[in-house]
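In case you want the letters, here they are:
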Amino acid sequence: MNRIKAITTATENESGLTSRMLDYTLKYNINQIDDFLIATDFQSPEVEKVCNKYNMPFIKTSKFYENNAVFDKGKVISYMLKGIKTGWVLHIDCDILLPKNFKEKINNVNLDKNKLYGARRIMFEDLKKSEAWFNDNENPENLCDLIPYGYCWGYFQLFHMDSPQIKLSDPDNIYPASGHVGDSDGWFRNKWGSMKEKSYKKGQFLPEKDDLIVIGEIEELPFLVGHLGHSSVNNNLNKSFFN
């Protein structure tokens, strides 16, 4: 059995959506993961309330904003990883919903400690669809508009702390620091290899398996994860999404 520790960063944004997304996803994810740790800042009391609601361990740090950074996710993740000596780690965003029976699904995969694993995400425009998918994630076709191509981005990255890619990294920069979240995600993934995405018809439900050219020790898991909203940065979300 693969014991997994999940790490998440969550700081409140101006709209107050971060804490609401975290509250919603933790309700489902908390029973799918063995251990959880959340990192937040000193200006996010609503995120703290959500963590306390679920008895979720969390740390507060100002490292998000060191050197005048807007949001240095990479530096904070490296800080979190320094306290984890071994085992499987899942870096997951707070807007990601794990599939039902995640533990069973992941234990059916012959995981290789030397690989980085990712999963494609199914995008939801309302909570009813996300709840329906969670209860029946074997048949997602009627519940979403699109499953974007690509995987192993920062919304879901599963790796082992004993992998050479981690062991050979600078302990203070395991997850590369950057002022741009996407840069950190990509640089971290590149420790294992590279991925080139081919284009496909917009709106196509699932791209063919050859839609990606993958080089290195990167592997797609045989299941989907849910994503709140149809934009990768949640620009489309508003408070009515949770009503």
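Here the structure is a predicted model, which means the values were calculated and not measured.

1. What about the overall build of the protein?
Working step 1: Helices and strands together make up the secondary structure of the protein, namely 7 helices and 12 strands.
Working step 2: Sequence separation of at least 24 residues holds for 75% of the intrachain contacts in the protein that already meet a minimum separation of 6.

2. What about the sheet that holds strand 12 (residues 225-228)?
Working step 1: Spatial ordering of the open sheet is given by 5-12-7, a layout of 3 strands whose pairing is mixed. At either end of the open sheet lies a strand with only one pairing partner, and these are strand 5 (96-97) and strand 7 (121-124).
Working step 2: In this sheet, strand 12 lies alongside strand 7 in parallel orientation, the contact comprising 4 bridges. Across the sheet, M123 pairs through a bridge with H227, a residue of strand 12.
Working step 3: Contacting strand 5, strand 7 and strand 12, helix 5 (residues 127-135) runs over the sheet at an angle of about 145° to strand 7.

3. Considering the pattern of salt bridges
Working step 1: According to the stated counting rule, one finds 14 salt bridges in the structure shown.
Working step 2: Here K82 makes a salt bridge to D172, at a shortest N to O gap of 2.8 Å. Of the two residues, K82 sits in the loop between helix 3 (73-81) and strand 4 (88-92) while D172 sits in the loop between helix 6 (164-167) and helix 7 (181-189), which places them 90 residues apart along the sequence.
Working step 3: Assessed through its relative accessible area of 39%, K82 is described here as partly exposed.
Working step 4: The exposure class assigned to D172 is exposed, which follows from its relative accessible area of 51%.
Working step 5: Here the salt bridges do not stand alone but share partners, grouping R3, D34, D35 and K103 into one network.

4. Focus on the nonpolar core
Working step 1: Residues L90, F156 and L158 are the most contacted members of the largest nonpolar core, which totals 63 residues.
Working step 2: Ranked by the residues each element gives to this core, the list is headed by helix 1 (residues 17-29), at 5 residues.
Working step 3: Ignoring anything within four residues of it in the chain, the contact list for L158 reads I4, W88, V89, L90, I106, L111, K115, L116, Y117 and L221.

5. Things to note about helix 5
Working step 1: Where helix 5 is concerned, the buried positions are L127, S130, W133 and F134. Buried positions in helix 5, seen along its axis, are confined to an arc of 120° and lie on one side of it. Exposed residues on helix 5 whose side chains face more than 90 degrees from its buried face are K128 and N135.
Working step 2: Considering only its buried residues, helix 5 is in contact with helix 1, strand 5, strand 7 and strand 12.

6. Considering the side chain of H91
Working step 1: You can see H91 is positioned in strand 4.
Working step 2: For H91, a relative accessible area of 1% gives the class buried.
Working step 3: Within the structure, the side chain of H91 is placed 3.5 Å from the side chain of K73, a separation counted as a polar contact.
Working step 4: Residue contacts for H91: discarding those within four places in its chain leaves I7, K73, I77, G154, Y155, F156, Q157, F159, Y175 and D185.

7. What about the confidence of the model for the protein?
Working step 1: Of the residues in the protein, 80% reach a pLDDT of 70 or more, and the chain-wide mean stands at 84.
Working step 2: Across residues 198-210 the pLDDT falls below 50, and counting only partners more than four positions away or on other chains, this stretch makes 22 contacts in the model.

8. Section: the packing of helix 1 against helix 2 (residues 45-53)
Working step 1: Running from N to C, helix 1 and helix 2 cross one another at 15°; their axes reach a closest spacing of 8 Å. Classified by the angle their axes make, helix 1 and helix 2 are roughly parallel. The interaxial crossing formed by helix 1 with helix 2 has right-handed handedness. Along the contact surface, helix 1 presents T18, S19, L22, D23 and L26, while helix 2 presents E46, V47, V50, C51 and K53.

9. What to know about the pairing of strand 1 (residues 4-9)
Working step 1: Judged by how many residues are buried, strand 1 sits mostly within the fold: 5 of 6 residues are covered.
Working step 2: Bridging between strand 1 and strand 4 involves 4 bridges; their strand directions are parallel. Bridging from a neighbouring strand, A6 pairs with L90 of strand 4.
Working step 3: Regarding topology, helix 1 serves as the crossover connection from strand 1 to the parallel strand 2 (residues 35-40), and that connection is right-handed.

10. Some thoughts on unusual backbone geometry
Working step 1: With phi around 50°, N55 is a residue other than glycine that occupies positive phi space.
Working step 2: Relative to the assigned elements, N55 resides in the loop between helix 2 and strand 3 (58-60).
Working step 3: Given a relative accessible area of 70%, N55 falls into the exposed group.
Working step 4: Even without glycine at this site, N68 takes up a positive phi of about 65°.
Working step 5: Looking at the element boundaries, N68 is found in the loop between strand 3 and helix 3.

Calculation notes
- For every chain, the first residue of the written sequence is number 1, and numbering continues from 1 along that sequence.
- Since the coordinates come from a predicted model, pLDDT governs what is reported: local features require at least 70, and pairs of side-chain atoms require 80 or more to be given and counted, while whole-chain, interface and lining totals use all residues.
- Water and hydrogen atoms were dropped before computing side-chain values, which therefore reflect all heavy atoms in the structure.
- Every helix listed is a DSSP run of H or I at least four residues long, and every strand listed is a run of E at least two residues long, numbered separately from the N terminus.
- Residue contacts are counted whenever heavy atoms from the two residues lie within 4.5 Å of one another.
- We treat two strands as partners when DSSP finds at least two bridges between them.
- Every angle, taken between N-to-C directions, lies between 0 and 180 degrees, and every axis is a line fitted to C-alpha atoms, over only the stretch in contact when it is a helix.
- Should a side-chain nitrogen of Lys or Arg be within 4 Å of a carboxyl oxygen of Asp or Glu, the pair is scored as a salt bridge.
- Buried residues are those whose accessible area, probed at 1.4 Å on protein chains only, stays under 20% of the maximum for their type, while exposed residues exceed 50% and partly exposed ones sit between those limits.
- By convention a nonpolar core is built from buried Ala, Val, Leu, Ile, Met, Phe, Trp, Tyr and Cys residues, the set being connected through side-chain atoms within 4.5 Å.
- An arc is given here, and it is the one of the directions from the helix axis to the C-beta atoms.
- We define a polar contact as two N or O atoms separated by no more than 3.5 Å, with the added condition that, inside protein, one atom must be a possible hydrogen donor and the other a possible acceptor, whereas residues neighbouring each other in sequence contribute only through side-chain atom pairs.
- Each residue carries a pLDDT score, the predictor's confidence in it, ranging from 0 to 100.
- Between 65 and 115 degrees an angle is taken as roughly perpendicular, under 35 as roughly parallel, over 145 as roughly antiparallel, and anywhere else as oblique.
- Take the far helix as the reference: if the near one is turned anticlockwise from it by less than a right angle, the crossing is left-handed, and if turned clockwise, right-handed.
- The crossover handedness rule: strands pointing away from the viewer, path from first strand over the helix to second strand clockwise, crossover right-handed.

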